[in-house]
Amino acid sequence: VPGNREVLWIFSAGEIDLRCHLVPRIAEGADLGFVKQYIEKVRGLVDQFNASCAAVSVPTPPAVDLVDTDGFPVVGTLEERLAAHRLMRKRMLEETGTTSGSTGAVIYAFDATDRMSNEDGYYRPEVTEDGVHPNDAGRAEIRAAVTELRARI
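One structure accompanies this document, and this report is about it. Source: prediction; values computed, not measured.

Parameters at a glance
- Residues numbered from 1 in each chain as written.
- Predicted model: local features only at pLDDT ≥ 70, side-chain atom pairs only at ≥ 80, totals over all residues.
- Heavy atoms only, no water.
- Helix = DSSP H or I, 4+ residues; strand = E, 2+ residues; numbered from the N terminus.
- Rg over C-alpha atoms; globule rule 2.2 N^0.38 Å.
- Buried < 20%, exposed > 50% of the residue type's maximum accessible area, 1.4 Å probe, protein only.
- Areas by Shrake-Rupley, 256 points an atom, 1.4 Å probe, with all protein chains shown as cover.
- Lys, Arg positive; Asp, Glu negative; His and termini not counted.
- Charge placed at Lys NZ, Arg CZ, Asp CG, Glu CD.
- 1 Å grid on protein atoms, 1.4 Å probe; cavity = no way out; pocket = protein on both sides within 12 Å on 5 of 7 lines; lining within 4 Å.
- Points joined across faces, edges and corners; volume = space filled by probe spheres on them.
- Nonpolar A, V, L, I, M, F, W, Y, C, P; charged D, E, K, R; others polar.
- Phe/Tyr/Trp six-rings, centres within 6.5 Å; stacked < 30°, edge-to-face > 60°.
- Axes fitted to C-alpha atoms, helices over the stretch in contact; angles between N-to-C directions.
- Parallel < 35°, antiparallel > 145°, perpendicular 65-115°, else oblique.
- Contact = heavy atoms within 4.5 Å.

## With respect to the overall build of the protein
Okay, so step 1: Along the backbone of the protein there are five helices and three strands.
Okay, so step 2: When the helices and strands of the protein are listed from N to C terminus, the series reads β-α-α-β-α-β-α-α.
Okay, so step 3: Here the C-alpha atoms of the protein give a radius of gyration of 16 Å, agreeing with the 15 Å that 2.2 N^0.38 yields for 153 residues.
Okay, so step 4: When the backbone C-alpha atoms are referred to their principal axes, the protein occupies close to 40 × 35 × 30 Å.
Okay, so step 5: Residues classed as buried in the protein amount to 41% of the 153 residues present.
Okay, so step 6: If you sum the accessible surface of the protein, you get close to 8500 Å²; carbon and sulfur atoms cover 52% of it.
Okay, so step 7: Across the protein, the centroid of the 17 positively charged side chains sits 7 Å from that of the 24 negatively charged ones.

## Focus: empty space enclosed by the protein
Okay, so step 1: By the definition in use, this model includes one cavity of 30 Å³ or more.
Okay, so step 2: Here the largest cavity is characterised by a volume of approximately 100 Å³.
Okay, so step 3: In this structure, the largest cavity is lined by Glu15, Leu18, Arg19, Thr60, Pro61, Pro62, Ala63, Leu66, Arg81, His85 and Gly131.
Okay, so step 4: Among the elements of the structure, α1 (15-27) and α3 (78-95) are those that each provide at least two residues to the lining of the largest cavity.
Okay, so step 5: In terms of residue count, the dominant contributor to the lining of the largest cavity is α1 (three residues).
Okay, so step 6: A per-class count over the lining of the largest cavity returns five nonpolar, three polar and three charged.

## Some points on the environment of Ala151
Okay, so step 1: Tracing the chain through its elements places Ala151 in helix α5 (residues 136-152).
Okay, so step 2: Linking Ala151 and Gly131, residues 20 residues apart in sequence, is a C-alpha distance of 29 Å.

## A look at the packing of aromatic side chains
Okay, so step 1: By the definition in use, this model includes one aromatic pair.
Okay, so step 2: Ring geometry for Trp9 and Phe49: centres 4.7 Å apart, planes at 55°, overall tilted. Here Phe49 lies in the loop between α2 (34-48) and β2 (53-57) and Trp9 lies in the segment before β1 (10-12), a separation of 40 residues in the sequence.
Okay, so step 3: The partly exposed category is assigned to Trp9, whose relative accessible area is 23%.
Okay, so step 4: Assessed through its relative accessible area of 13%, Phe49 is described here as buried.

## A look at the packing of α1 against α3
A packed helix pair is summarised by two numbers, namely the angle formed by the two axes and the spacing between the axes.
Okay, so step 1: As a packed pair, α1 and α3 sit with axes 9 Å apart at the nearest point and diverge in direction by 85°. Of the possible angle classes, the one that applies to α1 and α3 is roughly perpendicular. Of the residues in α3, those touching α1 at Leu18, Arg19, Leu22, Val23 and Ile26 are Glu80, Arg81, Ala84, His85, Leu87 and Met88.
Okay, so step 2: Split into classes, the residues belonging to the contact of α1 with α3 amount to seven nonpolar, one polar and three charged.

## So, unusual backbone geometry
Okay, so step 1: At Leu32, a residue that is not glycine, the phi angle is positive and equals roughly 65°.
Okay, so step 2: Inspection of the secondary structure puts Leu32 in the loop between α1 and α2.
Okay, so step 3: Looking at Leu32, the relative accessible area reads 1%, which means it is buried.
Okay, so step 4: Although it is not a glycine, Asn50 adopts a positive phi angle of roughly 60°.

Geometric descriptors of this kind do not, in isolation, establish any biological role.
Here you go:
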């Protein structure tokens, strides 16, 4: 990939999984072992195009007001989805960074959770229109978080 060392690759995954699938998996005792596997797959891909690092994005926090769609239904209570988000975030933070224990590219967590959530941990309504996608204010928060991440790398 031309210029790959000039690019901060950020991989995004998980918001739909959190909203639609993770709550029942956690209730069944899932340990979220897939997080480590996912990050290792990202590391392998990044190694293939010879970049030294990349980031995986922590999913957005759950929204109080969320547009529910037939294709991607909201599963679980708001509190269960918040607990699932916190668990997913924790695992992603544990598995990323310079102490992640693997060789190859360093995979950082891109975590805008604190910027995008209110004091209770839920998606701030002023940074989203539908509870999933950021609006202009949300995109400004994400740009600021990317700037902070780039300064750490």
